[in-house]
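Chain by chain, the residues run as shown.
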Amino acid sequence: MGGKNNTSELMQVIDYILNRCGIREMDAVEAAVERRRKDLEASTGIISLDPGRAARTMSDAVQKSIDQSMLSIRKTFREYAVDLIRKEAPELTDEQMAELVDSWLPDNGTAEPDGSDASSAGTARYRGLARKGLINGIEPDLMYEMINQFIAYSTGGMSLADEAALREAVGDWTTVYWRKFPAEIQNLIRLFLSGSISPPDFDRELLVLLR
């Protein structure tokens, strides 16, 4: 009985949204949905039942954590450099000191060995990641299969049976996989899921990374 009542209430809500909502009411509904989603994610640990949305949310959270850590590390090194310069060259002005620190620790990305800028280089700058035949301790062929599984799940192409089998064998396998992927592969996956690169470009750059 309760199930029928819940279904009826849901259909009434959907009917109201689709047929009677104005712009102001739609904004209120959207805000309420986002608030409820956050409450459910916090209480259940489930990001989303939509695989694509879950993967994007997870990858964004991981990247945000990495970015925050890198900013903290960069700030620490810059402060250390400033203290060192003040001790060794106190005659420098604040402007000269800032220029010197910037030359040591530039803010606009990390330079590649050939002098190019890695932060804006794009996928063409990727290079093989295999060291002694392994990538983060995993054989390239197995890493390739893991990436394909992650992509299939993220784009809704994985069957429920395959996903259930992976979850039973590995547990929270999407998180386990993501942590095993090097930063370059994570970035490439992120570009693909956001639609920034085509499937052929993704495959080509992935094969370069897996060498």
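What counts, and where the lines are drawn
Residues numbered from 1 in each chain as written. Predicted model: local features only at pLDDT ≥ 70, side-chain atom pairs only at ≥ 80, totals over all residues. Heavy atoms only, no water. Patch = residues over 30% accessible without salt bridge, like charges linked within 9 Å, V, L, I, M, F, W, Y side chains within 5 Å. Areas by Shrake-Rupley, 256 points an atom, 1.4 Å probe, with all protein chains shown as cover. Salt bridge = Lys/Arg side-chain N within 4 Å of Asp/Glu carboxyl O. Helix = DSSP H or I, 4+ residues; strand = E, 2+ residues; numbered from the N terminus. Axes fitted to C-alpha atoms, helices over the stretch in contact; angles between N-to-C directions. Parallel < 35°, antiparallel > 145°, perpendicular 65-115°, else oblique. Left-handed = near helix turned anticlockwise from the far one by under 90°. Contact = heavy atoms within 4.5 Å. Phe/Tyr/Trp six-rings, centres within 6.5 Å; stacked < 30°, edge-to-face > 60°. Buried < 20%, exposed > 50% of the residue type's maximum accessible area, 1.4 Å probe, protein only. Core = buried A, V, L, I, M, F, W, Y, C linked by side-chain atoms within 4.5 Å.

(A) Looking closely at a nonpolar patch on the surface. A contiguous nonpolar surface patch, about 410 Å² in accessible area, is contributed by Leu10, Met11, Ile14 and Leu18. Residue position: Leu10 is located in helix H1 (residues 2-19).

(B) Quick peek at the packing of helix H5 (residues 140-154) against helix H8 (residues 183-193). H8 packs onto H5 with a crossing angle of 30° between their chain directions and a minimal axis gap of 11 Å. On the basis of their axis angle, the class for H5 and H8 is roughly parallel. For the pair H5 and H8, the crossing hand works out as right-handed. Between H5 and H8, the residues in contact are Met143, Ile147, Phe150, Ile151 and Ser154 and Ile185, Ile189, Phe192 and Leu193, respectively.

(C) Representation of the packing of aromatic side chains within the structure. Inspection of the entire model under this criterion finds 7 aromatic pairs. The interplanar angle of 35° and the centroid separation of 4.7 Å between the aromatic rings of Phe192 and Phe202 together place this pair among those described as tilted. Of this pair, Phe192 sits in helix H8 while Phe202 sits in helix H9 (residues 199-209), and the two are 10 residues apart along the sequence. For Phe192, a relative accessible area of 18% gives the class buried. A relative accessible area of 4% means that Phe202 is categorised as buried. Of the aromatic side chains, those joined through ring pairs into one cluster are Phe150, Tyr153, Trp173, Tyr177, Trp178 and Phe181.

(D) View of the nonpolar core. Ranked by internal contacts, the top residues of the largest apolar core, which has 25 residues, are Met143, Ile147, Phe181, Ile185, Ile189 and Phe202. Of all the secondary structure elements, the ones that give two or more residues to this core are H5, helix H7 (173-180), H8 and H9. By residue number, the principal contributor to this core is H5, which donates 6 residues.

(E) Here's a closer look at the pattern of salt bridges. Taken as a whole and assessed by the stated rule, the structure comprises 2 salt bridges. With its nearest N and O atoms 2.9 Å apart, the salt bridge here joins Glu163 to Arg167. Placement of both Glu163 and Arg167 in helix H6 (residues 160-170) is noted, with a separation of 4 residues, approximately one turn of the helix. In this structure Glu163 comes out as buried when scored by relative accessible area, which is 15%. Arg167 gets classed as partly exposed once you look at its relative accessible area, which sits at 37%. With its nearest N and O atoms 2.6 Å apart, the salt bridge here joins Asp201 to Arg204. Taken together, the residues Asp201 and Arg204, both in helix H9 and 3 residues apart, mark about one turn of the helix. Take Asp201: its relative accessible area is 28%, and that puts it in the partly exposed class. Judged by relative accessible area, Arg204 falls into the partly exposed class, the value being 45%.

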